[in-house]
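Secondary and tertiary structure notes
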Amino acid sequence: MARETPARVVFLLQDLEFGGTQRQALELGLRLDRSRFAPEFWMLADVRDFAPRAEAGGIPLTWLSPYPKVGAQSLAGLWRKLKASPPDLFVPLTAVPNIWGRVFAALQGVTPVIGTCRGGGAIKRQHERFLKGLCDRHIVNAAPLAKALVALGRPAERVECIPNGVDTDHFLPPPDDMRPVREVVLCLARFCEDKDHETLIRSFEYVVARRPRAELWLVGDGPLRTAVRTLAARSPVRGLIRTYPSTPDPRPFFQQASVAVLSSVREGLPNVLLEAMAMGLPVAATAVGGIPDLVVPDVTGLLCPPRNPEALGETIAGLLADEDKRLGMGRAARERAVALYSMDAMVRRHETVFAQALAGTGSPAAGRPDAEA
């Protein structure tokens, strides 16, 4: 029987800071079929980078604490809000919301709940070994995460792998007359342990040895911002390294870059690589998490082992040295992003899972951990 009113789908986030998970949640919330789903965002901490866009898109926002960090007041606010206004469907995102959101929902009898795993270390950080049963099903954004959940005993039919989406009409390659004339290596990533900026900064010494005019641009914020900037300032090639804060619109950085790079040691399916590919950039990255699902070696980019500065440096330098190869990879990267990672496909697949959870029915075959990403 069809619902008479749209289902209230509450996304619980740690904050609305500029970040990949927040951006994907926002794009999903803005595109959900409003005749079927009424999205809301609840935040545990008061950071509002993406708030103007969410408000402009008509998404109700609730701040559970007036502080920029999660604390006791955040959790008390979440407990009260769940009790006073239980959602029809509850979707926590990132580690802290997945832990406390699921525990509090279980204690208050809020169902259905969809757990999410989106980063390389998410399963450990979210204590999935112990909390995996406190949700009706899981959504992950990379096949290795699905396999890891199943290995912990989660039924495969309860795990849905939905790759991130990218707006390929928004992230467009620059016109030919705007192609970069400088050799800019761009890393757009949160300053945190998973991204391993130390390896990237050390690798850049190998790049400069072969390409002395190359520049490394580091764009981001996060808990290791000061440490990363200190590493950059102490590098022997510090004059060629620039750091910039995060931005709601990274396209100007992509337009000036020759290569997009990630030196991560843990990943899910990184948004920044999807955006770079959509803008026609080749990728140099570590072969971790869902990155090998995105990057086809020697077609859309090159992969190397994590924590290996020399290998990463030689990979980047090789791309900078061969313009024809670099441009060909960029075109192939754009084609792959358009063909496999559309925003519309990502949203429709979420809608299917949401509808099944609300109806209490099973998960489709795409949820198998061996499904194609």
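Above this text you will find the structure in question.
Given the structure is predicted, the values throughout are model-derived calculations rather than measurements.

Take the side chain of Glu 351 next. Along the chain, Glu 351 falls in helix 15 (residues 343–359). Overall, Glu 351 belongs to the buried group, its relative accessible area being 4%. In contact with Glu 351, not counting residues within four places along its chain, are Arg 31, Leu 32, Asp 33, Arg 36 and Phe 37.

Bringing empty space enclosed by the protein into the picture now. Taking a probe equal in size to a water molecule and rolling it over the atoms shows the remaining empty space. In the structure shown here, the tally under the stated rule is 2 cavities of 30 Å³ or more. Space inside the largest cavity adds up to approximately 140 Å³. What lines the largest cavity is a set of 16 residues, and nearest its centre among them are Gln 24, Leu 28, Leu 93, Arg 118 and His 350. At the level of elements, helix 1 (20–31) and helix 15 are the ones that each hand at least two residues to the lining of the largest cavity. The element that contributes the greatest number of residues to the lining of the largest cavity is helix 1, accounting for 4 residues. Grouping the constituent residues of the lining of the largest cavity by class yields 10 nonpolar, 5 polar and 1 charged. If you add up the space inside the second largest cavity, you get close to 70 Å³.

The next thing to look at is the sheet that holds strand 9 (residues 215–219). By definition, the strands of a sheet pair up through backbone hydrogen bonds, in either a parallel or an antiparallel sense. If you walk across this open sheet you meet the 6 strands as 10-9-8-11-12-13, and the pairing is parallel. Edge positions in the sheet fall to strand 10 (241–244) and strand 13 (301–304), since each has one partner strand and no second. Averaged over all pairs of adjacent strands, the angle between strand axes in this sheet comes to 20 degrees, irrespective of strand direction. Alignment of strand 8 (residues 184–188) against strand 9, held across 5 bridges, turns out to be parallel. Across the sheet, Cys 187 pairs through a bridge with Leu 218, a residue of strand 9.

Rules and cut-offs
Residues numbered from 1 in each chain as written. Predicted model: local features only at pLDDT ≥ 70, side-chain atom pairs only at ≥ 80, totals over all residues. Heavy atoms only, no water. Helix = DSSP H or I, 4+ residues; strand = E, 2+ residues; numbered from the N terminus. Buried < 20%, exposed > 50% of the residue type's maximum accessible area, 1.4 Å probe, protein only. Contact = heavy atoms within 4.5 Å. 1 Å grid on protein atoms, 1.4 Å probe; cavity = no way out; pocket = protein on both sides within 12 Å on 5 of 7 lines; lining within 4 Å. Points joined across faces, edges and corners; volume = space filled by probe spheres on them. Nonpolar A, V, L, I, M, F, W, Y, C, P; charged D, E, K, R; others polar. Pairing = 2+ DSSP bridges. Axes fitted to C-alpha atoms, helices over the stretch in contact; angles between N-to-C directions.

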